[in-house]
Amino acid sequence: MAVFDTPQAAFGALRPACVQLTRAQTVENVRRLQAHLGAVSGAALQELQEYVLFPLRFGLRVPGPKQERLVQSLVQCISSVLAATCVRKRELLRELFSELCTCLAPPAGSGTPAPLSEELKLAVIQALHTLLHSAYGDVILALYQPAALPLLGFAVSLLLGLAEQERAKQIKISALECLQVLVLQCDCQEHRHLDEDEAQQCGDLFASFLPGISIALSRVITGDIKQGHKTTISAIRLFYLLIGLVMADAQLAKIPKSKEKLPVEQSRISELMVHRGPDWSKSTAEKLSLLLHKVVESSSIHPHWKVRLELVELVHHLMRNCSQSLVDSFSHLLKALVGLVNDENSQVQNRCHEVLRGIAEQRLVAHNRALADVLSENLHSLSTALPRLMNSQDDTGKVSTLSLLLGYLKLLGPKINMVLTSVSHLQRLSRALVQVLELDVTDVKIVEERRWGPPGSLQHRGRPHRKYFRFFTEEKVFQLLQQVCRVLGYYGNLYLLVDHFMGLYRESGLYRKQAAMVLNELLTGAAGLGVDVLQEREVPPSVDDLRGSITSILDEYTDQANWYLVTGTDAEGASPEPSEPRLGLAARVGAPSSSVLLPSPEPPGTTRAMNSNIWQICIQLEGIGCFATVLGREFRLLLLSALYPVLEKAGDRTLLVSETALATLADVCEACGYDSVQRLINENSDYLVNGISLNLRQLAHQPHASQVLDTMLRHSDASLLPLVEDVIQDVLSALDQSYNNQASTFLRVLHSVMTALVQWFGMPSAEEHQQRWTDRGQSGARSQGQHEVTVTKQEVERFFLDYVSQKQIAEGDLPDTGEEEADEVPSLAQAEPNNCDTDGEAALPSHAQLARDVMERCLHLLSDGSLRVRLKVLDVLELCVTVLHPHGNHLLPMAHRVWPALVTRLISDDPLAVLRAFKVLCTLAQTCGDFLRQRFSKDVLPKLTSSLLSQAPASARAGPVYSHTLAFKLQLAVLQGLGSLCERLDMGESDLNKVADACLIYLSARQPVKLQEAAQSVFLHLLQVDPDSTWLFLSEVWCPERHEPPHGSLRPVRLRGMGRPRNELTHNVLLLLHRLRLQEGTAPGTTSQQASPC
Amino acid sequence: METREVAITIKCGNFHPPLSKCQERRSENGLIHVWNLKTHRVDTALDGHGRRSVYCVETMGGRDRLLSPTVALVPVHLFSVKVQVLELPSKTSVCTLKPEMGAKLGMPMCLKLWQLSCGSQPLLLAGYEDGSVVLWSVTMGKVLSQLVCHQEPVMSLDFDSEKAKGISGSSEKVLCIWSLNEQQNLQVDKTHELVNAGISGIAIRPDKRILATAGWDHRIRIFGWKKLKPLAVLDYHTATVHCVSFSDHRSAPERLLAAGSRDHRISVWSVYTQT
């Protein structure tokens, strides 16, 4: 079809259709006209606009009932004309507007909308929409004259009716959109921008509709969810746009005091007009507040996120435009906004954050006292309800409640202080926090988990223990609470807050842990660490302020009553024997440092009370870590008072406490700028040493002082020794004064001192020393075993000669000495340098000196009444011996003094003690070989062998459980150690025979395998010491082969073990003989026959 | 730093404003250590004596070293019988106080410089090796009064210029209290018997209520100054206590007592009682 560009051509084309339509109003004719319209260009149609519209309008105006389909097609046709043209005449606009509205008008007299088809309604709405968009320039304002008010009102009520009562979504949405255009708030950009006066005028006009529109809309918004989210969104948008326009602060400010008088002819209309004076705005705001509350309530929990997003926009718009007029509604609005901060949808979240930040940046709250009042009122009521809510709500509910609280605080920003200075506000808030943060202290594991042994064996290292709260389990809730406290600390008056929470801390044991937690977070927040805020505070607190607060909190934390709490039933030394835990407990409860001094919520001594105490200590420790982070390097000044308590707790027996203390130590270390904990300790050792030496003077604090020393030693290296030497001497002298009651405490320290010394100094020198001993052993005259292996005939001859000469010397027949000396000199020369630099009296290094001092104390304690103490002493003793290894001149006298007590332990003590004592003996033997030989063979060996012999039948009979018994362990230890003992002590032949006799039964196949192996090891050692006699001994037991003499003149060898039947010993004996042969096989030119004695 | 012997004299001073609390300690290796009581660490070590023994240290009376030129530092030359008075800060020698020929006073052991009132002439009390206490007029350079109050060398003395009463200690078992009458004559008031012999340091607290002694028995004793009533025995050190000194903090609770001992330690005590 051709396009008609010129009006003439178009006219020619359209005229017949128009004429026909004028004559007969049928759907057919309208269709024809519409078909022609499609071929006419916009410009041409503009010229013919009124001409074309005439038959259409005429069709609508014809009186009498009309066919709905006709009306619909007419309206659609008008709409298409209008879409292509614009309305330039005010009259035309007004007429068209009213004509279109009439189409939907209900029959006269009835209040209900006309029962029209949905298509028609939609068509009319769309036509209206198009009409409003086609109005050219100022023309649109024709509708917004006071005179047009009735018409406008009619349209508004029509559209509202549709929006509210129609069922079809499409109509609802269109009606709402149309209404939005009608109130000049269209979303599209084509509209002319109204200047201020015009806007003001429109505002006046719309004020009349405000009640109707807002009520109807609120009904739509809170209506059935099934109406679809789009309807709700449009309604919300219209709602806030209209309110924002009518209630705009800028407009209300310009309203004159009295109502303007309109010309007389418009007096009726002027009755309809509303004067937006202060009274009106106040009452309207009140009513709106109710509506807003309803709207916010329903849409903030709307399942569709776009609705919630729109709600955010609503708050944003109203907050921006009506911050004064609608101040009463803000509590609802802010609540909604703040609540949506943690929406599940990220878009809503982000927008919410943006809006909040916008509000904060505009300092709306800071500059608007009313708003701040609203917020603080909200805060107050929320914190009143908080404990109840925390009790009743589930975790999700708690999260939303707390995010609300957090949001209020963030919005208040620097205005928080206004709230905090009110006593009731602060009290409610703090009570709420303290109640919510109540810990769950029923876990028994916390109390039971103990730190055993060195830190290396810790299994749970590095994983901070989670706190369990009574009222919530989700981590998110705790994070929110943390943020709440930090925000408080960030904006709030630090002194005020610290004072208040310190008051709570002191007030009752019930609040103590929570108050401490809050304090820690407050300080963190005050320093601006880990806090997420909407606006910067004006003046951050000075370092001096922070330090002042921290110092006072630290003092309180580390106060005796709050620091030394009962954390376990077996606190060191309290219960000497495991069989008497009740007694130990009773003793602890009565101890001066226990929590009986405090109003504790639990009876002291129960698991709950101890769990609670443990947590309190941990929280306080965490606090110290926080404070260090807050102050950074400035914390160094506080190390004087803080480091000692932390180290004390690092040595605590409760696993959780010591782990937390170590974490704190790491925090402090980092904050103060030390590379490692070790450096932290070394560089501040003067503080620690001072504390230790002072506390050692008070009996009650001795255990703590020793813990500190213990921790220092564990975490440092040899460079610490010169710094703590002094104080170790103090410990020793303190021990001297209280052997009876504090021995086990001090032994722990001595043990750690010695462990440290062994670790720092012991190892290399011990190896070196061992080397020396082997050297000496090899060059010594008595140790022939090694030499014998490589004997040649000449050497046998020389041995014989030597033997003769030795014998002569022994008989007092001294030969010429010259030769002797020549032999001895090299070995002496070798030994001397060692002797000189390590064994000289003056040159004894400090660590060895210490070891000697410690060993001296051990002498006294070896025969202590308590088994536990004796065991510990034996351990310490062993370490002392290890450290003193290289200093034989000092070790030997000490060994001499230790010997009697040690023998008693070996011979007549609890098997446990025997076991340890035997270990000490083995260690001692490594050093003082020949020194011990005589004593050993005289005092100990008979007892050992007899006990081995007497135990053997028992172990041979025993079942698999036997390997868990103490007797078995003792047997095993003795068998394992005996061999090397014999070798090191260089035992004489008769002793060796005794050992061999005692061990022989353990070669029996009936013995437990481990014992067999141990017994084998004894024989292997014996093979080293004296292969010949051992060979003989074994061969006497069982001899697998015949030994032919090499020459006929020699008598045949007859051994008792020959030709015997296999027995229980056979297997192991064979094995040993095989090993012996292998050993000799490595030495060239030797045979067993040659070595065997004749 | 090799320290053969430390802590012979301790002086608590408040003189350096930024440090607010300070303490000086001298040692036989010739270093003067300034300890900060806040950090418990050495702030500075002054080496002005060529690493030779420092025998005594005196801080300036005023709060600021530079503004108090009227106070003099009194050095004692070891093994000489003279006392030299120097003026600070010019460090010029004002006079040399030398006992008359024939007077066998021996070496001056301890000194106390004081003024009766502001503007009056400074007087010097010196305790000598032979057990006598001598009052010198610094301006005239002559002996005003002499009192033999001990059989052994006077180890230390302190003087209360308000009551015109002084106290001195020696290696004997007594403390000797003497007073100065209007004619500027020294006379023995009374003696106080001690439990253990040997006093190496005496200090009267600036408020003149109590005094502390440093004993050879490793203990510090506190007495009331008025009647010499024993108040406390402070037991900490493990060797002879050399000297004691009170700090001059303005507020009473902050006042501290420091004592130096041969055991290489300085103990700092708070002896204030809240009554």
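Residues numbered from 1 in each chain as written. Chains lettered and ligands numbered in written order. Predicted model: local features only at pLDDT ≥ 70, side-chain atom pairs only at ≥ 80, totals over all residues. Heavy atoms only, no water.

Attention now moves to the packing of helix 47 (residues 966-985) of chain A against helix 49 (residues 1009-1025) of chain A. Residues and elements named next belong to chain A. Axis separation between helix 47 and helix 49 bottoms out at 7 Å; the angle between their running directions is 10°. Taken as axis vectors, helix 47 and helix 49 run roughly parallel relative to one another. For the pair formed by helix 47 and helix 49, the contact residues are Phe968, Gln971, Leu972, Leu975, Gln976, Leu978, Gly979, Ser980, Cys982 and Glu983 on the first element and Lys1010, Leu1011, Ala1014, Ala1015, Ser1017, Val1018, His1021, Leu1022, Gln1024 and Val1025 on the second. Broken down by class, the residue content of the contact of helix 47 with helix 49 amounts to eleven nonpolar, seven polar and two charged. (Axes fitted to C-alpha atoms, helices over the stretch in contact; angles between N-to-C directions. Helix = DSSP H or I, 4+ residues; strand = E, 2+ residues; numbered from the N terminus. Parallel < 35°, antiparallel > 145°, perpendicular 65-115°, else oblique. Contact = heavy atoms within 4.5 Å. Nonpolar A, V, L, I, M, F, W, Y, C, P; charged D, E, K, R; others polar.)

In this section: the confidence of the model for chain B. Detail in the predicted coordinates should be disregarded across regions flagged by low pLDDT. Residue and element names in this part refer to chain B. Within chain B, residue pLDDT values average 71, and 65% of them lie at 70 or more. Across residues 1-9 the pLDDT falls below 50, and counting only partners more than four positions away or on other chains, this stretch makes 36 contacts in the model. Under a pLDDT of 50 for its full length, residues 49-79 has, in the predicted model, 68 contacts with residues more than four places off or in other chains. Across the whole predicted complex the pTM is 0.69, and at the interface the ipTM reaches 0.70. (pLDDT = per-residue confidence, 0-100.)

Residues and elements named next belong to chain B. Unusually for a residue other than glycine, Ala164 sits at a positive phi of about 55°. Its location among the elements puts Ala164 in the loop between strand 12 (154-160) and strand 13 (165-170). Phi at Lys208 is positive, roughly 60°, even though this residue is not glycine. You can see Lys208 is positioned in the loop between strand 16 (199-204) and strand 17 (210-215).

Here the focus is the pattern of salt bridges. Residue and element names in this part refer to chain A. This model, assessed by the stated rule, comprises 30 salt bridges over all chains. As a salt-bridge pair, Arg276 and Asp204 come within 3.1 Å of each other at their nearest N and O atoms. One end of the pair, Arg276, is in the loop between helix 14 (267-272) and helix 15 (278-300); the other, Asp204, is in helix 10 (residues 196-207), with 72 residues separating them in the sequence. This pair shows no difference in class: Arg276 is buried, exactly as Asp204 is. Each member of the salt-bridge network shares a partner with another, and the members are Arg57, Glu95 and Glu99. (Salt bridge = Lys/Arg side-chain N within 4 Å of Asp/Glu carboxyl O. Buried < 20%, exposed > 50% of the residue type's maximum accessible area, 1.4 Å probe, protein only.)

Here the focus is the interface of chain A and chain B. Counting residues at the interface gives twelve residues for chain A, matched by seven residues for chain B. The largest per-residue losses of area from chain A upon contact with chain B belong to Leu640, Tyr687 and Arg697 of chain A, which jointly make up 48% of the total buried on that side. There are one salt bridge connecting chain A and chain B. Between chain A and chain B we count two residue pairs in polar contact (both at pLDDT 80 or more) in total. Residue classes in the side of chain A that touches chain B are distributed as four nonpolar, three polar and five charged. (Buried area = accessible area lost by both parts, 1.4 Å probe. Polar contact = N/O pair within 3.5 Å; in protein donor to acceptor, adjacent residues only side chain to side chain.)

In this section: the packing of aromatic side chains. Residue and element names in this part refer to chain A. Applying the stated criterion across every chain, the model contains 14 aromatic pairs over all chains. Ring geometry for Tyr962 and Phe968: centres 5.8 Å apart, planes at 75°, overall edge-to-face. Ring geometry for Phe1019 against Phe1033: centres 6.1 Å apart, planes inclined by 25°, an arrangement best described as stacked. You can see Phe1019 sitting in helix 49 and its partner Phe1033 sitting in helix 50 (residues 1027-1037), a full 14 residues away along the chain. Like Phe1033, Phe1019 is buried. Chaining the aromatic ring pairs together yields one cluster made of Tyr144, Phe206 and Phe209. (Phe/Tyr/Trp six-rings, centres within 6.5 Å; stacked < 30°, edge-to-face > 60°.)

Moving on, we get to the pairing of strand 10 (residues 132-137) of chain B. Residue and element names in this part refer to chain B. Burial analysis of strand 10 places six of its six residues in the buried class, the great majority of the element. Side chains of strand 10 alternate between two faces, with Ser132, Val134 and Trp136 and Val133, Leu135 and Ser137 buried alike. As paired elements, strand 9 (residues 122-128) and strand 10 share five bridges and run antiparallel to each other. For Leu124, the partnering residue across the bridge sits in strand 10 and is Trp136. In this antiparallel pair of consecutive strands, strand 9 and strand 10, the connection spans three residues, and Gly131 shows a positive phi of 95°. Where strand 10 and strand 11 (residues 142-148) come together, six bridges link them in antiparallel fashion. Counterpart to Ser132 in the pairing with strand 11 is Val148. From the end of strand 10 to the start of strand 11, which pair antiparallel, there are four residues, and Gly141 there has a positive phi angle of about 70°. (Pairing = 2+ DSSP bridges.)

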